Amino acid sequence: VIGIIGDPVEHSLSPIMHNALFSRLNLDFIYVAFHVTPDKLEKAVEGVRALNIAGINVTIPHKTEIIPHLDEVSAEAQIIGAVNTVVNRSGRLIGFNTDGYGFEKAVSTYGGLSLKGKKIFLIGAGGAARAVAGRSLLSGANSVIITNRTWEKAEALVEDLKESFRKISSTSNAKDAAGEPRDLKCVSGIKDLNLKVIPWQKESWKQSIAAADVIVNTTSIGMNGKGNLASLIPWESVKDDAVFFDAVYAPVQTDFLIEAGRRGYKTVYGIYMLIYQGAGAFKIWTGRQPDIKVMKQVLESYLAGKGDSDVKRTGE
Ligand code: ATR
């Protein structure tokens with residue numbers, strides 16, 4: 001049994017995605033959703049041990065709170081400050097974060113871009129932003145410039161990331177989602193971490209966006225067609241070869257990405273981050289590479305059948 005714990009959890013797309021893979025590969029696994037409220041988190045983790053559940057995904061609001069209940073946490077998950085995948089290895093619960101991996105794989109596969117040496121313009125400072133920023137720096141991005149409606153939240157994110165890089169880089173090597181060692185030398189000099197916050201204003205976005213290689217939305221603007229992020233972008237300043245990524249996946253093509261595409265930019269859909277974070281988790285649990293096409297097919301047909309308005313982002 002593999003599970004997902006969250007509150008709420010009913011809207012999670014992970015059961016559909018993973019069960020399709022299990023049956024396609026004829027694997028003796030089943031994926032179920034468990035609604036776990038914050039006061040029951042500790043008991044739920046004990047339950048994973050007691051019932052010998054093979055692994056879990058962790059979603060809002062447990063991604064950070066679960067950390068002290070685990071036996072081991074990958075350096076990457078420590079840096080991001082959140083765990084989205086747990087594997088049960090002979091009773092030891094080991095936490096990983098595959099969200100950042102999902103972002104990196106999406107951008108490299110569909111945007112043709114490696115994060116190494118790149119300048120990232122990051123809109124938002126929530127959970128998804130944390131994973132995107134942490135992973136980008138781990139992968140040797142040149143800089144991450146963060147802008148968020150609430151300034152304090154972005155500042156707190158920057159401070160947290162700097163602190164965790166400082167701690168981790170002195171102690172160990174980070175592991176990526178698939179468990180491969182990542183060299184932390186690129187970030188070992190904390191003073192070299194180019195991570196900063198700029199105000200939530202078109203005027204102040206201009207300069208940073210002009211240098212950006214990747215422009216990333218991690219806010220919920222555009223979810224279910226609500227809000228207009230495109231109107232905040234100083235389009236005239238954006239480089240011709242910039243790649244646009246939107247973590248929102250309902251609708252699959254957000255207004256933000258439609259506008260970027262219309263202006264001739266490469267765009268990467270949030271659904272691919274969802275798919276690749278799932279792929280990273282699948283590999284951790286089963287040791288097998290999942291079929292990305294199957295994942296994409298089931299998600300797209302589910303989202304199309306549902307109508308976008310019913311789909312909520314669950315942070316998985
Ligand atoms: P997730 O885990 O999916 O990243 P989250 O942690 O709830 O979700 O973060 C939501 C992000 O969307 C935050 O950056 C939030 O900005 P605030 O920190 O100011 O709340 C941003 N956000 C949500 N609605 C927004 C809106 N209407 N305008 C601007 N930013 C918005």
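Residues numbered from 1 in each chain as written. Predicted model: local features only at pLDDT ≥ 70, side-chain atom pairs only at ≥ 80, totals over all residues. Heavy atoms only, no water.

A. Highlighting the side chain of H62. By the element assignment, H62 lies in the loop between β3 (55-58) and β4 (72-73). Here the side chain of H62 touches V36 through a polar contact of 2.6 Å, landing on its backbone oxygen. Aside from chain neighbours lying at most four places away, what touches H62 is I5, G6, D7, V36, T37, P38 and L41. (Helix = DSSP H or I, 4+ residues; strand = E, 2+ residues; numbered from the N terminus. Polar contact = N/O pair within 3.5 Å; in protein donor to acceptor, adjacent residues only side chain to side chain. Contact = heavy atoms within 4.5 Å.)

B. Expanded view of the layout of surface pockets. Approximately 160 Å³ is the volume attributed to the second largest pocket. At the level of elements, α3 (75-80) and α6 (151-169) are the ones that each hand at least two residues to the lining of the second largest pocket. Within the lining of the second largest pocket, the residues separate by chemical class into three nonpolar, three polar and four charged. (1 Å grid on protein atoms, 1.4 Å probe; cavity = no way out; pocket = protein on both sides within 12 Å on 5 of 7 lines; lining within 4 Å. Points joined across faces, edges and corners; volume = space filled by probe spheres on them. Nonpolar A, V, L, I, M, F, W, Y, C, P; charged D, E, K, R; others polar.)

C. Spotlight on the sheet that holds strand β11 (residues 195-198). With respect to topology, six strands assemble into an open sheet ordered β11-β8-β7-β12-β13-β14, the strand pairing being parallel. Single-partner strands in this sheet number two, and they are β11 and β14 (266-268). Ignoring which end each strand starts from, the neighbouring axes of this sheet average 20 degrees apart. Where strand β12 (residues 214-217) meets strand β13 (residues 243-246), four bridges bridge the pair, whose relative direction is parallel. Note that in β13 the partner of I215 across the bridge is F244. Contacts from helix α4 (residues 99-111) reach β12, β13 and β14, with the element oriented near 145 degrees to β14. Most of the contacts of helix α9 (residues 255-262) go to β13, to which it runs at about 165 degrees, and overall it touches β12, β13 and β14. (Pairing = 2+ DSSP bridges. Axes fitted to C-alpha atoms, helices over the stretch in contact; angles between N-to-C directions.)

D. Up close: the site of the ligand. Taken together, 16 residues are adjacent to the ligand, and A125, A128, N148, R149 and T150 come closest. Contacts to the ligand include A125, whose backbone N or O atom sits 3.0 Å from an oxygen atom. (Near = heavy atom within 4 Å.)

E. Representation of the pairing of β3. Residues of β3 alternate between two faces, with G55 and N57 on one and I56 and V58 on the opposite face, all of them buried. In terms of strand pairing, strand β1 (residues 2-6) meets β3 through four bridges, oriented parallel. Note on β3: the bridge partner recorded for I5 is V58. (Buried < 20%, exposed > 50% of the residue type's maximum accessible area, 1.4 Å probe, protein only.)

F. Summary view of α9. When we look at burial in α9, the residues that qualify are F256, L257, E259 and A260. Mapping the buried residues of α9 onto a view down its axis gives an arc of 160 degrees, with all of them on the same face. Its buried side turned inward, α9 meets β12, β13 and β14. Backbone geometry just after α9 places G264 at a positive phi near 95 degrees. (Arc of directions from axis to C-beta.)

G. Quick look at the packing of aromatic side chains. Summed over the entire model, instances satisfying the criterion amount to twelve aromatic pairs. Plain terms: the ring middles of F22 and F29 are 5.1 Å apart, the flat faces sit at 25 degrees to each other, and that makes the pair stacked. Owing to a relative accessible area of 25%, F29 belongs among the partly exposed residues under this scheme. For the pair W200 and W205, a centre-to-centre distance of 5.3 Å together with 85 degrees between the ring planes defines the contact as edge-to-face. The class for W200 is partly exposed, based on a relative accessible area of 26%. We classify W205 as buried; its relative accessible area is 1%. Each member of the aromatic cluster is reached from another via a ring pair, and the members are W235, F244, F256 and Y265. (Phe/Tyr/Trp six-rings, centres within 6.5 Å; stacked < 30°, edge-to-face > 60°.)

H. Main features of unusual backbone geometry. Residue P8 is bonded to the preceding D7 through a cis peptide linkage, with omega at 5 degrees. Relative to the assigned elements, P8 resides in the loop between β1 and α1 (14-24). Across the junction of I60 and P61, the peptide omega takes the value 5 degrees, indicating a cis bond. Checked against the element boundaries, P61 lands in the loop between β3 and β4. If you check the backbone angles, N26 has positive phi at about 55 degrees while not being a glycine. Locating N26 in the fold gives a position in the loop between α1 and β2 (31-35). The exposure class of N26 is exposed, given its relative accessible area of 71%. In the Ramachandran plot, N52 falls in the positive-phi region, its phi being about 55 degrees despite a non-glycine side chain. Structurally, N52 can be placed in the loop between α2 (41-50) and β3.

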